[in-house]
Amino acid sequence: MLVGTRIALSVKLDIANLMMEFIMAEMLPLLFQKRHVLPSGRMQIYISTVDQVPTLKTALTSKSGLGICMYSDKKEAQHLFHIGTRVTIDDFDQDPNTRLLKLTVSGQNNFKIQSIEQTTDGVFWGKTTPLPRWKAITINNEQRLLATRLKKMFEKFPDLDELYKRKDFDNLSWLCQRWLEILPLPAVDKQKLLNKPTCLNTYDYLMSMIKTSH
């Protein structure tokens, strides 16, 4: 009797979780990028005026914004990753040197992709569920190294510095996300870290890189 009750309770919980995912699911127009923008981040990305303008138009008329997804295009096979970032479009214009549109976007929250479909106008839509944002963590003296090095990075690249009117160098979560955007880490590693509930695994990962580089 007790076993039957536990099974029934487990089934109810599974159904409840599925219903919650269905309720929270959101359809987002998607762009696939090698560069990665994360919550509280800002970035300039480039899209084709030939086949990606419908996605831009859709995003501009959508209240939800746009989903930026990671992908790799190794010679063996292309791979799309299931964690992306919902962004809002702050500005866009045509690059005078190319036939590309330059978008300035701001990261809002991460999401997981449940499924992808393409409509007749060429727009990829993702059925997504939002992931909770990493909570702010005030840095301690040991963690301040990440802030010091990021400040130097901003000094070295003025265009990057200008994107951020507000910088949060005392927040470990903000620091970790900026480093994940900047560093050319394997996308699979970034996905594993973004799937964690806090930034602490990312901090450990970054510090291990610093230690091995000395």
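Quick caveat, the model's predicted, so the values are computed rather than measured.

Below, the discussion takes up unusual backbone geometry. One non-glycine residue, serine 40, adopts positive backbone phi at about 70°. Within the fold, serine 40 resides in the loop between β1 (26-33) and β2 (42-48).

Our focus in this paragraph is the nonpolar core. Counting residues in each nonpolar core, the largest one holds 31 residues, and the members touching the most others are Leu146, Leu150, Leu175 and Cys176. It is helix α5 (residues 172-182) that contributes the most residues to this core, six residues altogether. Apart from residues lying up to four places away in sequence, leucine 150 is in contact with Phe169, Trp174, Leu175, Arg178, Trp179 and Ile182. Counting 15 residues, the second-largest nonpolar core is a separate cluster that includes Ile45, Ile47, Leu66 and Val87.

Attention shifts here to the pairing of strand β6 (residues 124-130). Along any regular strand, the residues point their side chains to alternate faces of the sheet. In this sheet, β6 lies alongside β1 in antiparallel orientation, the contact comprising five bridges. By the bridge assignment for β6, leucine 30 is matched with phenylalanine 124. Examined bridge by bridge, strand β5 (residues 100-118) and β6 share seven bridges and lie antiparallel to one another. Bridge assignment links glutamate 117 to a residue of β6, and that residue is tryptophan 125. Counted along the chain from β5 to the antiparallel partner β6, the turn is five residues long, and its residue glycine 122 has a positive phi close to 90°.

Now for the pattern of salt bridges. By the definition in use, this model includes five salt bridges. Arginine 42 is paired through a salt bridge with aspartate 90; the nearest N and O atoms lie 2.9 Å apart. Residue arginine 42 is found in strand β2, and its partner aspartate 90 is found in strand β4 (residues 78-94); the two are separated by 48 residues along the sequence. With its nearest N and O atoms 3.2 Å apart, the salt bridge here joins lysine 167 to aspartate 161. Note on lysine 167: relative accessible area 30%, which makes it partly exposed.

Procedures and definitions
Residues numbered from 1 in each chain as written. Predicted model: local features only at pLDDT ≥ 70, side-chain atom pairs only at ≥ 80, totals over all residues. Heavy atoms only, no water. Helix = DSSP H or I, 4+ residues; strand = E, 2+ residues; numbered from the N terminus. Core = buried A, V, L, I, M, F, W, Y, C linked by side-chain atoms within 4.5 Å. Buried < 20%, exposed > 50% of the residue type's maximum accessible area, 1.4 Å probe, protein only. Contact = heavy atoms within 4.5 Å. Pairing = 2+ DSSP bridges. Salt bridge = Lys/Arg side-chain N within 4 Å of Asp/Glu carboxyl O.

Function cannot be inferred from these measures alone, as they are strictly geometric.
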